[in-house]
2 protein chains.
Amino acid sequence: MAHITNGVEYGIHCLLWLVYVDTEQPSSRDLAELQGVSPSFVAKIFPKLEKAGIVTANTGVSGGYRLAKSPEDISMLDIVDAIEGSKPLFDCKEIRGQCAVFKGDPPRWVTGGVCAIHNVMLRAEKSMRDTLAQETLASLSRTVGQKAPRDFDVRVRSWLQERGQARGRASLTRKLGRPPDAVS
Amino acid sequence: MAHITNGVEYGIHCLLWLVYVDTEQPSSRDLAELQGVSPSFVAKIFPKLEKAGIVTANTGVSGGYRLAKSPEDISMLDIVDAIEGSKPLFDCKEIRGQCAVFKGDPPRWVTGGVCAIHNVMLRAEKSMRDTLAQETLASLSRTVGQKAPRDFDVRVRSWLQERGQARGRASLTRKLGRPPDAVS
């Protein structure tokens, strides 16, 4: 499995839709179906994004998710960390003190400070994280937006509005026990 | 599991011993036991390092491994790639064309070129790889060497020479069916 998993890929794609929305508050199912991916998988990702302060959730029939802050203030690193949790690039087993020459009693010069190999890996990880921190949801959205035709955001909002209305109708039907169109 | 696994950690530690050796050609078992780690695990790593042109192997009783080139010419990235193989940081599933708005027929502007999310991940991976490429086995060895007392390399070489001699004696015993000291 790759270090940055497909949960991040799905999460970023769905978050990009939240940059487009206006008053709509799509559910994680709406976002998953808009993106054409598994709703149950996406349903597990959004609580992590909410916990990390990237999205906020409103309950109720018309409730759903929206971005908790400006997309300028949400970096790719924020999203990766929210979804992946604490997952180091390299998990040092500290074997440096096990050299047979030390006969089970490694001197302080061996075990003090960070292992030199671990240190290289930490620097590599920092380089990776710095790059992810430089890209925001806003800049990514602009990159995608430059490719899209002018009416694309309208079509996306329209799709989400229809979904929201369908949810409302379905809820009313459940409440009244008959189609809302039949309400006199 | 971390992206860069403990096979790399074990491999680099063992390769660092090969920077110290002079005429000795330690086996992978010698290197593993010098480092105090599993010989069977290290035995699986060295053929990968050999295939990547980082070490060369000589067969025979006194045969073993030595560096195939100067430690200045062996980067951490060379070692990681040799041991881990091709393992991307992020495995893009290309879900961008699955948006429901496209109704199963994504336009060219969506699917052309590299996915914008994948592109960010590729840049993050490049940053990580560039950092690993900048550090060599020689520079890492110097970092470790600066911490070690002056006689440390002598002690390591002495340990390896004793192991080599023990291997030679054991082989002669097997060949003659009696201890080599008893050979007239």
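About the thresholds
- Residues numbered from 1 in each chain as written.
- Chains lettered and ligands numbered in written order.
- Predicted model: local features only at pLDDT ≥ 70, side-chain atom pairs only at ≥ 80, totals over all residues.
- Helix = DSSP H or I, 4+ residues; strand = E, 2+ residues; numbered from the N terminus.
- Rg over C-alpha atoms; globule rule 2.2 N^0.38 Å.
- Buried ≥ 20, exposed ≤ 12 C-beta atoms within 10 Å, placed from the backbone.
- Contact = placed C-beta atoms within 7 Å.
- Core = buried A, V, L, I, M, F, W, Y, C linked by C-beta atoms within 7 Å.
- Least-squares fit on C-alpha atoms with pLDDT ≥ 70 in both.

### Examining the overall build of chain A
Consideration 1: Broken down by element type, chain A carries eight helices and two strands.
Consideration 2: What you see in chain A, going N to C, is helices and strands ordered as α-α-α-β-β-α-α-α-α-α.
Consideration 3: The C-alpha atoms of chain A give 23 Å as radius of gyration, which overshoots the globular expectation for 184 residues (16 Å, by more than 25%).
Consideration 4: Expressed along its principal axes, the backbone C-alpha trace of chain A runs to roughly 90 × 40 × 25 Å.
Consideration 5: Counting across all 184 residues of chain A, residues that qualify as buried make up 34%.

### Thoughts on the interface of chain B and chain A
Consideration 1: On the chain A side, the residues contacting the 46 residues of chain B number 46 residues.
Consideration 2: When residues of the side of chain B that touches chain A are traced back to their parent elements, those giving at least two are α1 (6–20), α2 (28–35), α6 (116–134), α7 (137–147) and α8 (152–176) of chain B.
Consideration 3: Considering every element that reaches the side of chain B that touches chain A, the biggest residue donor is α6 of chain B, with 12 residues.

### Some details on the environment of methionine 128 of chain B
Consideration 1: Inspection of the secondary structure puts methionine 128 of chain B in helix α6.
Consideration 2: With residues near it in sequence (within four places) discarded, methionine 128 of chain B still touches Ala124, Glu125, Ser127 and Met128 of chain A together with Leu89 of chain B.

### Considering the nonpolar core
Consideration 1: Ranked by size, the top nonpolar core spans 84 residues in total, and within it Trp17, Val42 and Ile79 of chain A together with Trp17, Val42 and Ile79 of chain B carry the most contacts.
Consideration 2: Discounting chain neighbours no more than four positions away, the residues touching isoleucine 79 of chain A are Val8, Gly11, Ile12, Leu15, Ile54 and Ile74 of chain A.

### Concerning the relation of the copies chain B and chain A
Consideration 1: Laying chain B over chain A is done by rotating through 180° and shifting 0.0 Å along the axis; what remains is an RMSD of 0.1 Å. Those values place the two copies in the arrangement expected of a two-fold rotation axis.
Consideration 2: Mapped onto chain A, 100% of the interface residues of chain B again fall at the interface, so both copies present the same surface.

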